[in-house]
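What follows is each chain in one-letter form.
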Amino acid sequence: DGPARTMVLADGTKVWLNRDGDLKAPEKFVSNDRIVYLKGEAFFDVAHNPKRPFRIICVDSEIKVLGTTFNVRTNDRITDVVVEEGQVLLSNDEKGLKSVIINPGEVGMSNIIGANKLANNRPNYHSWRTGKFNFKDLPLKFAIRDLNSWYDKEIILSGSFDCNVTASFNKDNLYDIIESLKGPCNFEVLEYPNDPKQKNKIYLKKIK
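Position labels on residues start from 1 in each chain and follow its written sequence. Predicted model: local features are reported for residues with pLDDT of at least 70 only, side-chain atom pairs are reported and counted for 80 or more only, and whole-chain, interface and lining totals are derived from all residues. The basis for every side-chain value is the complete set of heavy atoms in the structure, and neither hydrogens nor water enter the calculation.

Enquirer: Residues and numbers for the state of the cysteines, please.
Expert: Any two cysteine sulfur atoms within 2.5 Å of one another count as a disulfide. For the structure on display, the rule yields 1 disulfide. In this model C163 forms its disulfide with C185; the gap between the sulfur atoms is 2.0 Å. Sign of the S-S torsion, about 110° for the bond between C163 and C185, identifies this disulfide as right-handed. In this pair, C163 is assigned in the loop between β14 (154-158) and β15 (164-170) and C185 in the loop between α3 (174-181) and β16 (187-190), connecting sequence segments 22 residues apart. Residue C163 is classed as buried on the basis of its relative accessible area of 9%. Put simply, DSSP marks the helices as runs of H or I at least four residues long and the strands as runs of E at least two long, and each gets a number from the N terminus on. Only protein chains enter the calculation, and the probe is 1.4 Å; a residue is then buried if its accessible area is under 20% of its type maximum, exposed if over 50%, and partly exposed in between.

This is the structure we're talking about:
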């Protein structure tokens, strides 16, 4: 179910990769540090080993942990880390001079300018891995963004929506979810199954 691909590294660390996730890791960790390279998004459950730090190298950032669980989303512009358990050291330079410690409930962000952290405002940051969604008075466009992280079909909004969604879903049927969203948001559902470019898209057209 969902887009996540799983892998287990040589040290027992478990990794879930999102659709865009690309992880390069050795067959065996031979140095004092356990070093891997990440592009895209992944969730890590790092095997605890205080003698051998686990390091994730991203484009302009580096993540260092001893053993914990956290989500990493990285691209050419920014790396963000949401910690579920333990602590993560996020830095944007090789010497670690510009770094922040990320704790559970916090999200750290790093780019070429610097590294900082704030309270986690992404309650569904791990939905792409779990299929569980919890929306509380969330604008429809953000709810759709989160839903699109799990389901194979892409939902596209057509028109300007100003409604908010409060609901919880756990790997529910996508069409059942869409039907429930009609309550707070007035729309019709459009699909074009005979068009190869449109067959995996669902349009929600705003009804005036």
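Having put the structure on the table, let's press on.
Enquirer: Could you give me a rundown of the pairing of strand β10 (residues 99-102), with the residues and numbers involved?
Expert: Judged by which residues are buried, β10 turns out to be one-sided: V100 and I102 face inward and are buried, whereas S99 and I101, on the alternate face, are not. Two strands pair when backbone bridges link them, and strand β9 (residues 88-91) and β10 are joined in this way by 4 bridges, in the antiparallel orientation. Counted as the bridge partner of L89 is I101 from β10. Each pair of strands is called paired provided DSSP finds at least two bridges between the two strands.

Enquirer: So what's going on with the pattern of salt bridges? Residues and values would help.
Expert: The term salt bridge refers to a side-chain nitrogen of Lys or Arg lying within 4 Å of a carboxyl oxygen of Asp or Glu. For the structure shown, the criterion picks out 13 salt bridges. Between R34 and D11 there is a salt bridge whose closest N-O contact spans 2.6 Å. A residue pair is termed long-range when its members are at least 10 positions apart, and R34 in strand β4 (residues 34-45) and D11 in the loop between β1 (5-8) and β2 (14-17) qualify at 23 residues. The class of R34 is buried, set by a relative accessible area of 1%. Looking at D11, the relative accessible area reads 24%, which means it is partly exposed. Notably, a salt bridge pairs D152 with R19, separated by 3.4 Å at the nearest N-O pair.

Enquirer: Lay out the nonpolar core in plain terms, naming residues and giving numbers.
Expert: One finds F44, F54, I56, I63, F70 and V72 to be the most contacted residues of the largest nonpolar core, which totals 24 residues. Going through the elements one at a time, β2, β4, β5 (54-57), β6 (62-65), β7 (69-74), β8 (79-85), β9 and β10 are the ones with two or more residues in this core. Looking at this core, the element that brings in the most residues is β4, giving 4 residues. Every residue pair with non-hydrogen atoms within 4.5 Å of one another is taken to be in contact. Other than its neighbours up to four places away in sequence, F54 contacts L9, D11, T13, F29, R34, V36, F44, V46, I63, K64 and V65. Counting residues in each nonpolar core, the second largest holds 21 residues, with I144, C163, F169 and I202 among its members. We call a set of buried residues a nonpolar core when its members are Ala, Val, Leu, Ile, Met, Phe, Trp, Tyr or Cys and they connect through side-chain atoms within 4.5 Å of each other.

Enquirer: Would you mind going over the sheet that holds strand β17 (residues 201-206) in detail, with residue names and values included?
Expert: Taken in spatial order, the 3 strands line up as β14-β17-β16 in an open sheet, and their pairing is mixed. Here the strands that pair on one side only, and so sit at the sheet edges, are β14 and β16. Across the sheet, the mean angle separating the axes of adjacent strands is 25° when strand polarity is ignored. In this sheet, β17 lies alongside β14 in parallel orientation, the contact comprising 5 bridges. Note on β17: the bridge partner recorded for E154 is K201. An axis is simply a line fitted to the C-alpha atoms; with a helix, the fit covers only the stretch in contact. Between two such axes, the angle follows the N-to-C directions and lies from 0 to 180 degrees.

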